[in-house]
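Observations on chain architecture
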Amino acid sequence: MNRQPKYFFIITLAFISMISWMIYLSPAAQVENSQAPAPKYVFLFLADGAGIAHMEITRQYNRTIHNEGLLISDKIMKEGSLGLITTHAANSLSTDSAAAATALAGGCKANMGALGMCADGTIPKTVGEIAREKNMRVGLVTTSTIYDASPAAFISHVPNRRNFAEIVKRYLEFAPDILLGGGRDQFLPKSQEGSRRIDEIDLVASFIQKGYLYVSNRKELDQAQRLKVLGLFSPGEMSFEIDRDKKTEPSLYEMTQAAIRLLSNHNSQGFFLFIENENIDTAAHLSDVASLIRDYREFDRAVALAYDFYRKHPRETLIIVTSDHETGGLGFTLALKDLSSAKGPNQLIATTEDLKKINAIPISLRKATEILGPNPDAAAIDRLMSEYFRGFTMAPEFKEAILKRQPLSRTLFLDPTTHALGLMVANNTQAYWLTSTHTNHPVFVTALGPGSEKFRGYIDNTDFGKTLKAILNHR
């Protein structure tokens, strides 16, 4: 009797079993088959409007000016995972912050201006809402108005992002544990100075009645010892880091520090903490590279706080750092000294000396525009240059644009004075701008901690939202 077929079958079966077991034990399979618990603490850092160039210019600035690195690139990217995210809206090849944030928080494409509402008419459950269902504490921190599109998308559902009263009402109903940012104007009754409401509802009083501690300056935030906290530190958006009054207005670092302290205190259920630096986007809209760098540095310092927390709780902490879109089309590039020739002797390259020039700028372009006022004369422009832009020169066409209040480009269409100053800085530093608004550039996502591998590769912004919701749902 021939036993070879039987033995061959047994050997083959054993070989297949061995290979299957090896595959099961491989790192890739472990990721797929792992039933490891979801993170207890989730940090989502959003550098609004920041592209890869914004980060890289800040990294180069840090090396040149401060002889230090950038934690996002040196730690989160190197120790964790790295991917790219698309940014387009449902009805546009570029996006606004509302549609982008809806994708990140809700996992669906939205039309421009819609907040927490999918383009197909459905209302998605958001990351913030899922976190609350899982009994996690929820915190929203921003340098923008607290009711602005990016933080609001994690809790609210409105057809128009400008429906601020409805967003604030939703906050009161949802009751996040931490709300820190600007935007006091939508919390005060109409009759009170600084209010932009159309009614006499006092939302600050309503939050206090619901058990919130209300704080309005840096000192009060430092002294806060209990949940829940409503911190409103300016009537509108908070100041650029370059202009901030450090005695009264907390920085993004300080707000993040307070949020971590309060959310983690006696907390067995974990938290979801959203932290945004909106000033990066605002600076890019104004073609203001000096302000952008200072705020990106502050953003990186805030991420460092989460990294310190992660090192204490590595198996329980997920850190995600990303953006919603790119603003400005920023980049150092080759330029001409003037328009007389395109040949080599008339070309300029960007060097570390240009970073030193940027570092010498002491105020934002917004502040510079305020100093000039609505109708400056030539002497006022000269005084501004000599006092705040020493060593810089202003081309005649930029000076004329300021005097005549004329835009200089079809893509630089906000305040003519601010953008003329921005182009002046670009001409002196080789840090140029493509536009004053959003582009369709993809943005990076980097993550560290349990679940971080799910953000690798080239993904749609809706897949980011779906992935983050899935991670929270597995708690």
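I will try to describe carefully the structure that is included in this document. These figures come from a predicted structure and were not determined experimentally. (Residues numbered from 1 in each chain as written. Predicted model: local features only at pLDDT ≥ 70, side-chain atom pairs only at ≥ 80, totals over all residues. Heavy atoms only, no water.)

Right, let's get into the pattern of salt bridges. The tally for this structure, following the rule as stated, stands at 23 salt bridges. In this structure, aspartate 177 and arginine 132 form a salt bridge, with 3.6 Å as the shortest nitrogen-oxygen distance. Highlighted residues: aspartate 177 in the loop between helix H8 (164-174) and strand S4 (178-182) and arginine 132 in helix H6 (residues 127-133), separated in sequence by 45 residues. Overall, the relative accessible area of 9% leaves aspartate 177 in the buried class. Arginine 218 is the partner of glutamate 254 in a salt bridge, and the nearest nitrogen-oxygen pair spans 2.8 Å. Within this pair, whereas glutamate 254 is found in helix H11 (residues 252-264), its partner arginine 218 is found in helix H10 (residues 218-223), the two being separated by 36 residues in sequence. (Salt bridge = Lys/Arg side-chain N within 4 Å of Asp/Glu carboxyl O. Helix = DSSP H or I, 4+ residues; strand = E, 2+ residues; numbered from the N terminus. Buried < 20%, exposed > 50% of the residue type's maximum accessible area, 1.4 Å probe, protein only.)

A few words on the packing of helix H3 (residues 52-66) against helix H13 (residues 289-312). Viewed as axis vectors pointing N to C, H3 and H13 meet at an angle of 85°, and their least axial separation amounts to 9 Å. With respect to H13, the element H3 is oriented roughly perpendicular. Residues His54, Met55, Ile57, Thr58, Tyr61, Asn62 and His66 of H3 pack against Leu292, Ile293, Arg294, Tyr296 and Arg297 of H13. Here the residues of the contact of H3 with H13 are counted per class, giving 6 nonpolar, 4 polar and 2 charged. (Axes fitted to C-alpha atoms, helices over the stretch in contact; angles between N-to-C directions. Parallel < 35°, antiparallel > 145°, perpendicular 65-115°, else oblique. Contact = heavy atoms within 4.5 Å. Nonpolar A, V, L, I, M, F, W, Y, C, P; charged D, E, K, R; others polar.)

This brings us to the sheet that holds S4. Paired through their backbone hydrogen bonds, the strands of a sheet run either parallel or antiparallel. Spatial strand order, S5-S6-S4-S3-S7-S1-S8-S13-S2-S14: 10 strands in an open sheet with mixed pairing. A single partner strand is all that each edge strand has here, and the edge strands are strand S5 (213-215) and strand S14 (457-459). Within the sheet, the average angular offset between the axes of one strand and its neighbour, ignoring direction, is 15°. Here 4 bridges tie S4 to strand S6 (residues 229-232), and the two strands are oriented parallel to one another. Pairing of leucine 179 across the sheet is with leucine 230, part of S6. Helix H4 (residues 71-79) rests against strand S2 (81-85), strand S8 (317-322) and strand S13 (443-448) of the sheet, and its axis sits at about 70° to S13. (Pairing = 2+ DSSP bridges.)

Turning our eyes to something else, we now look at the environment of leucine 46. Relative to the elements of secondary structure, leucine 46 occurs in strand S1 (residues 41-47). We classify leucine 46 as buried; its relative accessible area is 3%. Put simply, leucine 46 and glutamate 397 are 351 residues apart on the chain and 37 Å apart in space, counted from C-alpha to C-alpha. Ignoring any residue separated from it by four or fewer positions in sequence, one finds leucine 46 in contact with Leu104, Ser150, Phe274, Ile275, Glu276, Asn277, Phe299, Thr322, Ser323 and Asp324.

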